[in-house]
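Listed below, chain by chain, are the residues.
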Amino acid sequence: AGTAAAGSKASATADQDLLGAAEMGDHEALLKALRDGAKLDAVDDKTHTALHWAASKNYVDLARWLLSEGLSASARNNADSTPLHVSASELQRESVAFLLQSAITARCVDARGDTPLPLAAAPLPLIRLAARQLTRLELRVTGAPTSRTR
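Residues numbered from 1 in each chain as written. Predicted model: local features only at pLDDT ≥ 70, side-chain atom pairs only at ≥ 80, totals over all residues. Heavy atoms only, no water.

Draft legend 1. Inspection of the overall build of the protein chain at higher detail. Looking only at helices and strands, the protein chain has eight helices and zero strands in total. When its helices and strands are written in sequence order, the protein chain yields α-α-α-α-α-α-α-α. Looking at the protein chain as a whole, 33% of its 150 residues are labelled buried. Considering only contacts in the protein chain between residues 6 or more positions apart, those separated by 24 or more positions represent 59%. Entry remark: accessible area of the protein chain is about 9000 Å², with carbon and sulfur atoms responsible for 55%. (Helix = DSSP H or I, 4+ residues; strand = E, 2+ residues; numbered from the N terminus. Buried < 20%, exposed > 50% of the residue type's maximum accessible area, 1.4 Å probe, protein only. Contact = heavy atoms within 4.5 Å. Areas by Shrake-Rupley, 256 points an atom, 1.4 Å probe, with all protein chains shown as cover.)

Structure follows, in structure tokens:
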């Protein structure tokens, strides 16, 4: 029984190493974790898979490799989000484009009923507006000349 528990603990550590490697985009560390007994479909406390992490961080080459190894692009985390949802909500355009080209459906919905594409598109006008407003505020506070007044 002690050996089984030790093996299970080693596997859990390898799973954590695999997910950490995916989050950091470290393919070599991910391969080492697999050699150490990690499961390719391991999940973390958010139930993110390695593909969720790779997609959310825009590691397209790693995402491509994970899919080629059989990791499911339709895996869902605890928010019922696929890797496509996660990459879209993180505004990772290259990952979104790759996942869409990989025949991943853009019509899947998460726990809130959102599809991935509006998640990627909706914040952009707000981000641009906020950036303009912050620039105007900084100029008023600092008195720095604008490009128009130079």
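Draft legend 2. Inspection of unusual backbone geometry at higher detail. One non-glycine residue with positive phi stands out, namely threonine 47, at about 60°. Mapped onto the elements, threonine 47 comes out in the loop between helix H2 (27–35) and helix H3 (50–56).

Draft legend 3. Representation of the environment of leucine 66. Tracing the sequence through the fold places leucine 66 in helix H4 (residues 60–68). The buried category is assigned to leucine 66, whose relative accessible area is 0%. The sequence separation of leucine 66 and alanine 50 amounts to 16 residues, and the corresponding C-alpha distance is 7.7 Å. What leucine 66 contacts, discounting residues up to four positions off in sequence, is Leu30, Leu40, Ala50, Leu51, Ala54 and Leu71.

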